[in-house]
Amino acid sequence: MKVDVILGLQWGDEGKGKIVDVLAPEYDVIARFQGGPNAGHTLEFDNIKHVLHQIPSGMFRKNTLNVIGNGVVLDPVIFKKEIEKLAPYGLDPRANLVVSTKAQLILPTHRLLDQAYEQSKGDNKIGSTLKGIGPAYQDKIARAGIRTGDILSKNFEEKLNQLMSKHLEILADYPLEYDFPTLKKEFSEAIDFLKSFKLVDTTYLINDKLQDGHKILAEGAQGSMLDIDFGSYPFVTSSNTTTPGVCTGLGVAPSKIGRVYGIFKAYCTRVGSGPFPTELFDEEGELIRSEGREYGATTGRPRRCGWIDIPALKYAIMINGVTDLIMMKADVLSIFDEIKVCTHYMFEDGTVSDRFPNDLCSEKIVPVYQTLKGWKTDLSSTTDEKKFPDELVQYIARLEELLSTPIVMVSLGPGRNQTIKRQLF
Ligand code: GDP
Ligand code: IMO
Ligand code: MG
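Residues numbered from 1 in each chain as written. Chains lettered and ligands numbered in written order. Predicted model: local features only at pLDDT ≥ 70, side-chain atom pairs only at ≥ 80, totals over all residues. Heavy atoms only, no water.

Participant: Even after reading the chapter, I still don't get the pattern of salt bridges, so can you show me in this structure?
Facilitator: Counted by the stated rule, this structure contains 24 salt bridges. Residues Lys-102 and Asp-201 are paired through a salt bridge, measuring 3.7 Å at the closest nitrogen-oxygen approach. Pair noted here: Lys-102 is in the loop between β7 (97-100) and β8 (104-105) and Asp-201 is in the loop between β9 (198-200) and α8 (202-211), with a separation of 99 residues, a long-range link. Owing to a relative accessible area of 34%, Asp-201 belongs among the partly exposed residues under this scheme. Glu-294 is the salt-bridge partner of Lys-265, the closest N and O atoms lying 3.0 Å from each other. Highlighted residues: Lys-265 in strand β11 (residues 257-265) and Glu-294 in the loop between α10 (283-291) and β13 (304-306), separated in sequence by 29 residues. Residue classification places Glu-294 among the buried residues on the basis of a relative accessible area of 0%. (Salt bridge = Lys/Arg side-chain N within 4 Å of Asp/Glu carboxyl O. Helix = DSSP H or I, 4+ residues; strand = E, 2+ residues; numbered from the N terminus. Buried < 20%, exposed > 50% of the residue type's maximum accessible area, 1.4 Å probe, protein only.)

Participant: Please explain the packing of aromatic side chains as it appears in this structure.
Facilitator: Where two aromatic rings form a pair, the distance of their centres and the angle of their planes describe that pair. Summed over the entire model, instances satisfying the criterion amount to 12 aromatic pairs. Aromatic side chains Phe-60 and Tyr-89 sit 6.2 Å apart centroid to centroid with 75 degrees between the ring planes, which places their arrangement in the edge-to-face category. With Phe-60 in the loop between β4 (48-52) and β5 (65-68) and Tyr-89 in the loop between α2 (76-85) and α3 (93-96), this residue pair connects regions lying 29 residues apart in the sequence. Since its relative accessible area comes to 35%, Tyr-89 is described here as partly exposed. The residue whose ring lies beneath Arg-416 is Phe-45, and the NZ or CZ to ring-centre distance is 3.7 Å. (Phe/Tyr/Trp six-rings, centres within 6.5 Å; stacked < 30°, edge-to-face > 60°. Lys NZ or Arg CZ within 6 Å of the ring centre and 35° of its normal.)

Participant: Looking at this model, I keep getting lost on the environment of Phe-193. Mind explaining?
Facilitator: Structurally, the position occupied by Phe-193 is in helix α7 (residues 180-194). Each C-alpha atom, one on Phe-193 and one on Ile-83, is 9.9 Å from the other, the two residues being 110 residues apart in sequence. Not counting chain neighbours up to four residues away, the residues in contact with Phe-193 comprise Phe-79, Lys-80, Ile-83, Glu-84 and Arg-94. (Contact = heavy atoms within 4.5 Å.)

Participant: Just to check I follow, could you spell out the site of ligand 1 for this structure?
Facilitator: Taken together, 20 residues lie near ligand 1, and Gly-15, Lys-16, Thr-42, Asp-331 and Ser-411 sit nearest. The separation between an oxygen atom of ligand 1 and a polar side-chain atom of Arg-303 is 3.2 Å. Put simply, ligand 1 lies in the second largest pocket. For the shell around ligand 1, the secondary structure elements donating two or more residues are α1 (16-23) and β3 (41-45). Here the shell around ligand 1 is composed, by residue class, of 5 nonpolar, 7 polar and 8 charged. (Near = heavy atom within 4 Å. Polar contact = N/O pair within 3.5 Å; in protein donor to acceptor, adjacent residues only side chain to side chain. 1 Å grid on protein atoms, 1.4 Å probe; cavity = no way out; pocket = protein on both sides within 12 Å on 5 of 7 lines; lining within 4 Å. Sits in = over half its atoms within 2 Å of the grid points. Nonpolar A, V, L, I, M, F, W, Y, C, P; charged D, E, K, R; others polar.)

Participant: Help me understand the packing of α2 against α7, please; the structure alone is not making it clear to me.
Facilitator: In a pair of packed helices, the angle between the axes and the distance between the axes together describe the arrangement. At a minimum axis separation of 8 Å, α2 and α7 run at an interaxial angle of 60 degrees. On the basis of the axis angle, α2 is oblique to α7. Handedness of the crossing formed by α2 with α7: left-handed. Of the residues in α7, those in contact with Pro-76, Val-77, Phe-79, Lys-80, Lys-81, Ile-83 and Glu-84 of α2 are Glu-186, Phe-187, Glu-189, Ala-190, Ile-191, Phe-193 and Leu-194. Among the residues forming the contact of α2 with α7, the class breakdown is 9 nonpolar, no polar and 5 charged. (Axes fitted to C-alpha atoms, helices over the stretch in contact; angles between N-to-C directions. Parallel < 35°, antiparallel > 145°, perpendicular 65-115°, else oblique. Left-handed = near helix turned anticlockwise from the far one by under 90°.)

Participant: Can you walk me through the pairing of strand β15 (residues 324-328) in this structure?
Facilitator: Along any regular strand, the residues point their side chains to alternate faces of the sheet. Among the 5 residues in β15, 5 count as buried, and that is most of the element. Taking every second residue as pointing to the same face, both faces of β15 are buried, with Asp-324, Ile-326 and Met-328 on one and Leu-325 and Met-327 on the other. As defined by bridge partners, β15 adjoins strand β19 (residues 407-411) across 3 bridges and the pair is classed as parallel. Across the sheet, Leu-325 pairs through a bridge with Ile-407, a residue of β19. (Pairing = 2+ DSSP bridges.)

Have a look at this one:
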């Protein structure tokens with residue numbers, strides 16, 4: 001068997017949580033491979049909205065094993081709160097959730113460092129979620145981090161105090177106020193809580209499951225444009241959000257990657273700072289935000305909105321090896337008479353290209369648009385592809401042509417049931 005992958009092709013928040021939840025019954029295992037509590041994955045069913053940050057989105061499906069892989073940075077405090085929030089739903093998280101002993105821990109001081117670094121950047125803020133992601137990955141790469149498995153070792157307290165002391169020394173140079181004893185107490189309680197979960201070698205677990213013919217789905221966090229190597233650096237997150245991250249974040253060989261589902265919104269959003277070629281600063285942008293309820297699932301910040309960006313999508317499809325596309329939030333565009341598709345970028349020297357520039361931050365880009373007719377139809381209760389208005393069919397066909405990849409699913413609302421499977425399904 002191979003590991004299928006679901007990941008975002010834009011700047012995050014494409015609707016990964018919803019689709020993982022929809023597809024989970026077809027898989028035995030759902031595994032997160034990178035990122036951490038910066039993610040906010042929304043699932044809606046039975047009139048309840050759930051937002052998951054670190055827990056994989058297969059959590060609400062019986063018979064699904066959920067794995068937090070080695071590539072994830074795990075905040076035990078947020079983990080405890082997330083698990084406690086699940087209590088009313090009769091789940092058994094200690095039975096169907098396992099955590100890699102190699103996943104790095106986010107300490108309270110990582111969160112403080114994230115704040116300190118952001119504050120000191122002034123106008124050049126990344127717009128971090130302030131969850132300590134950057135500082136935790138920094139310690140991982142510097143070979144100074146603490147891993148989840150370490151909480152079971154005798155010298156854990158010593159290691160923890162050493163690393164936190166180092167962080168406090170750095171923090172002394174920043175004008176940040178915090179109550180360290182309270183943070184430390186909260187962290188210790190969360191570590192005790194984490195110890196009651198299955199902390200295992202997920203590398204063998206995943207590979208043994210593959211060997212035994214089990215179906216595994218890797219759930220991406222963030223989006224390809226936020227990838228540390230290929231995104232709009234430095235306005236990115238600190239992990240590889242793209243398909244290669246599955247190999248390093250779960251311990252799966254490249255030859256074991258199966259289908260790669262690339263998720264994109266029928267338009268485009270971004271939360272946080274950084275370049276966004278198709279961003280709309282006018283009433284149309286406001287309309288997308290209000291109709292799409294575009295406010296961050298983790299921070300509540302308003303998301304920046306714009307038209308779909310084909311050069312960025314083509315680039316993301318290339319890097320990820322996307323085999324299947326999934327288009328989200330088509331219903332949101334129902335309000336528009338006309339819908340724009342950015343097919344190319346025009347650069348300052350007048351050249352026009354459908355290629356993503358080497359350094360998006362140093363380019364002044366004018367999007368080149370093709371205008372398509374809107375469908376102006378309420379799609380919220382459409383359950384059959386044959387009932388799609390002609391203009392939506394044309395929009396899908398044009399995107400498939402531009403992206404040379406099939407759109408196998410179309411999402412028409414936040415609910416589980418508002419999902420149309422096309423072609424392969
Ligand atoms: P993720 O981070 O990729 O899982 O996405 P988020 O959960 O951060 O953001 C997606 C938002 O769009 C959530 O509020 C979802 O409930 C909502 N959503 C998902 N699919 C659709 C859709 O097809 N139509 C509409 N209107 N909302 C959707
Ligand atoms: P999901 O999984 C959207 C953005 C932040 C900021 C940048 C760096 O829900 O799609 P970080 O906290 O990682 O240091 O922030 O990345 N960002 C996201 N934007 N969706 C996310 O996750 C994001 N995770 C991080 O806004 O610009
Ligand atoms: Mg999100």
